[in-house]
Amino acid sequence: MELKIRDWNDVKFRAYDPINKEMVYQSRKENEMFNWSILMRYHLTMQYTGLNDRNNKEIYEGDFVKDGQRILFVKFTNGSFNFFSKHGYMIPNVDTTWFEVIGNIFETPNLFSGRS
């Protein structure tokens, strides 16, 4: 699934702070640069996909989303955001209408255990 940036204000990043156990968010405001030093100290940044779930929550790389009975993992690969099953299979042509963010790889890493 290839997602296009609609507006530079849609370019947002987050990183997980393992010491404080919280996500740190950065977004680009008009005529302003990112403060990369904040995000880079955590070594792994996750970008906003440009999508929101059915509850209007932003979907980022590293999120787990529920699509009915399936739980999928959001990952940026091959130049676009893609959705993967717990077995590592990319799921093409997903309907994101009913997605719900239910966690992320850092705060709820066990969401893929025992379910697909």
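Now for a description of the structure that goes with this document. Only a predicted model underlies this, so the values are computations on that prediction, with no experimental measurement involved.

Thresholds applied
Along each chain, residue indices are assigned from 1 in the same order as the chain's sequence is written. Side-chain atom pairs in this predicted model are given and counted only at pLDDT of 80 or more, local residue features only at pLDDT of at least 70, and totals for whole chains, interfaces and linings cover all residues. Remark: hydrogens and water are excluded; side-chain values derive from all non-hydrogen atoms of the structure. Using a 1.4 Å probe on the protein chains alone, a residue whose accessible area is under 20% of its type maximum counts as buried, one over 50% counts as exposed, and one in between counts as partly exposed. Runs of H or I in DSSP of at least four residues are treated as helices and runs of E of at least two as strands, each being numbered from the N terminus. Paired strands are those between which DSSP finds at least two bridges. Throughout, an axis means a line fitted to C-alpha atoms (over the contacting stretch in the case of helices), and angles, computed between N-to-C directions, take values from 0 to 180 degrees.

1. Concerning the pairing of strand S1 (residues 12–17)
Right, on to step 1. Of all the 6 residues making up S1, 6 are buried; the element is thus mostly covered by neighbouring parts of the structure.
Right, on to step 2. The alternating pattern of S1 places Lys12, Arg14 and Tyr16 on one face and Phe13, Ala15 and Asp17 on the opposite face, and all of these are buried.
Right, on to step 3. One ladder, built from 6 bridges, connects S1 with strand S2 (residues 22–27); its direction is antiparallel. Among the inter-strand pairings, Phe13 is bridged to a residue of S2, identified as Gln26.
Right, on to step 4. Linking S1 to S2, which pair antiparallel, is a turn of 4 residues; within it Lys21 sits at a positive phi near 55 degrees.

2. Some details on unusual backbone geometry
As a rule of thumb, non-glycine residues mostly have phi less than zero, and peptide bonds are mostly trans rather than cis.
Right, on to step 1. Not every positive phi belongs to a glycine, and Asn78 is a case in point at roughly 50 degrees.
Right, on to step 2. Along the polypeptide, Asn78 turns up in the loop between strand S6 (70–77) and strand S7 (80–84).
Right, on to step 3. On the basis of relative accessibility, which here comes to 79%, the residue Asn78 falls in the exposed class.
Right, on to step 4. A positive phi angle, close to 50 degrees, is found at Asn93, a residue other than glycine.
Right, on to step 5. With respect to the element layout, Asn93 can be found in the loop between S7 and strand S8 (100–104).
Right, on to step 6. A residue is classified by how much of its surface remains accessible, and Asn93, at 79% relative accessible area, is exposed.

3. A few points about the sheet that holds strand S4 (residues 58–60)
Right, on to step 1. With antiparallel pairing, the 4 strands of this open sheet are ordered in space as S2-S1-S3-S4. Single-partner strands in this sheet number two, and they are S2 and S4. Going from strand to strand, the sheet's axes swing by 40 degrees on average, the running direction of each strand aside.

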